[in-house]
Amino acid sequence: MSERGALRTRLDLLAREVAKFGTVGALGLVVNIAVSNLLWRTTDLQVVRAGLLATFVAILFNYVGFRYWTYRDRDKTGRTRELTLFLLFSAVGAVIETGVLYAATYGFGWNSPVQSNVFKILGIGIATLFRFWSYRTWVFKALPAKETLLSAKETVLSTKGFLKQGRTEQVPRTEADSVRR
């Protein structure tokens, strides 16, 4: 595969990962906002405490979505380590998210229902950037490159019709291939 083709494949995989992460995150956002609003309207909990509790409900929801859909093809050998790191980085994200809500509520006195929702969503957006980076880098670790490359190569070869009875044909290299390298 040429360097250009390899780059395109990596970008396609990253785009799929971002789309799946975003889908789970969007559903988690709905859970977070719904639980926040439910707690704000039905309990006497303070705004920030109710928001933090809703964040933890969404974190649990998101873990299931990330583990069993977004990152289902990633290493699954160290579940205890994975869950510990997930909770650690989620807690940091919760501090970022709640910090924005806290600053708006207690720092500026912006605590109407609309303002609380706006700053809750803003905090979630900022925390999401941190979470995406930390989850893909530390929590849901990629399988070793050798296994990933073999799987990608088999997929490409089978798609192009080069797989025959479990064996791949050797495609002769052309002079142009060696010049590009």
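Description of the structure in this document. (Residues numbered from 1 in each chain as written. Predicted model: local features only at pLDDT ≥ 70, side-chain atom pairs only at ≥ 80, totals over all residues. Heavy atoms only, no water.)

Along its length, the protein chain carries six helices and two strands. In sequence order, the secondary structure elements of the protein chain are arranged as α-α-α-α-α-β-β-α. Accessible area for the protein chain stands at about 12,100 Å²; split by element, carbon and sulfur atoms hold 64% of it. (Helix = DSSP H or I, 4+ residues; strand = E, 2+ residues; numbered from the N terminus. Areas by Shrake-Rupley, 256 points an atom, 1.4 Å probe, with all protein chains shown as cover.)

Among the nonpolar cores identified, the biggest contains 13 residues, and Val-35, Trp-40, Leu-101 and Phe-119 are the most heavily contacted of them. Put simply, the parts of the chain that give this core at least two residues each are helix H1 (3-42), helix H2 (47-70) and helix H3 (79-107). When sequence neighbours within four positions are dropped, the list of residues in contact with Val-35 reads Ala-54 and Val-57. (Core = buried A, V, L, I, M, F, W, Y, C linked by side-chain atoms within 4.5 Å. Buried < 20%, exposed > 50% of the residue type's maximum accessible area, 1.4 Å probe, protein only. Contact = heavy atoms within 4.5 Å.)

On the surface, a nonpolar cluster with roughly 330 Å² of combined accessible area is contributed by Leu-7, Leu-11, Leu-14 and Val-18. Secondary-structure assignment places Leu-7 in helix H1. When its relative accessible area of 45% is taken as the criterion, Leu-7 is described as partly exposed. (Patch = residues over 30% accessible without salt bridge, like charges linked within 9 Å, V, L, I, M, F, W, Y side chains within 5 Å. Salt bridge = Lys/Arg side-chain N within 4 Å of Asp/Glu carboxyl O.)

Bringing the packing of H1 against helix H4 (residues 113-139) into the picture now. The contact between H1 and H4 brings their axes to 10 Å, and the two run at 145°. Considering only the axes of H1 and H4, their crossing is right-handed. From H1, Leu-14, Glu-17, Val-18, Phe-21, Leu-29, Asn-32, Ile-33, Ser-36, Asn-37, Trp-40 and Arg-41 reach across to H4, where they touch Pro-113, Ser-116, Asn-117, Lys-120, Ile-121, Ile-124, Thr-128, Arg-131, Phe-132, Tyr-135 and Arg-136. Taken together, the residues of the contact of H1 with H4 sort by class into eleven nonpolar, six polar and five charged. (Axes fitted to C-alpha atoms, helices over the stretch in contact; angles between N-to-C directions. Left-handed = near helix turned anticlockwise from the far one by under 90°. Nonpolar A, V, L, I, M, F, W, Y, C, P; charged D, E, K, R; others polar.)

The next point concerns the pattern of salt bridges. Inspection of the entire model under this criterion finds five salt bridges. In this structure, Glu-82 and Arg-67 form a salt bridge, with 2.4 Å as the shortest nitrogen-oxygen distance. With Glu-82 in helix H3 and Arg-67 in helix H2, the pair connects residues that are 15 residues apart, well separated along the chain. Linking Glu-97 and Lys-120 is a salt bridge whose minimum nitrogen-to-oxygen distance equals 2.8 Å. Of this pair, Glu-97 sits in helix H3 while Lys-120 sits in helix H4, placing them 23 residues apart in sequence.

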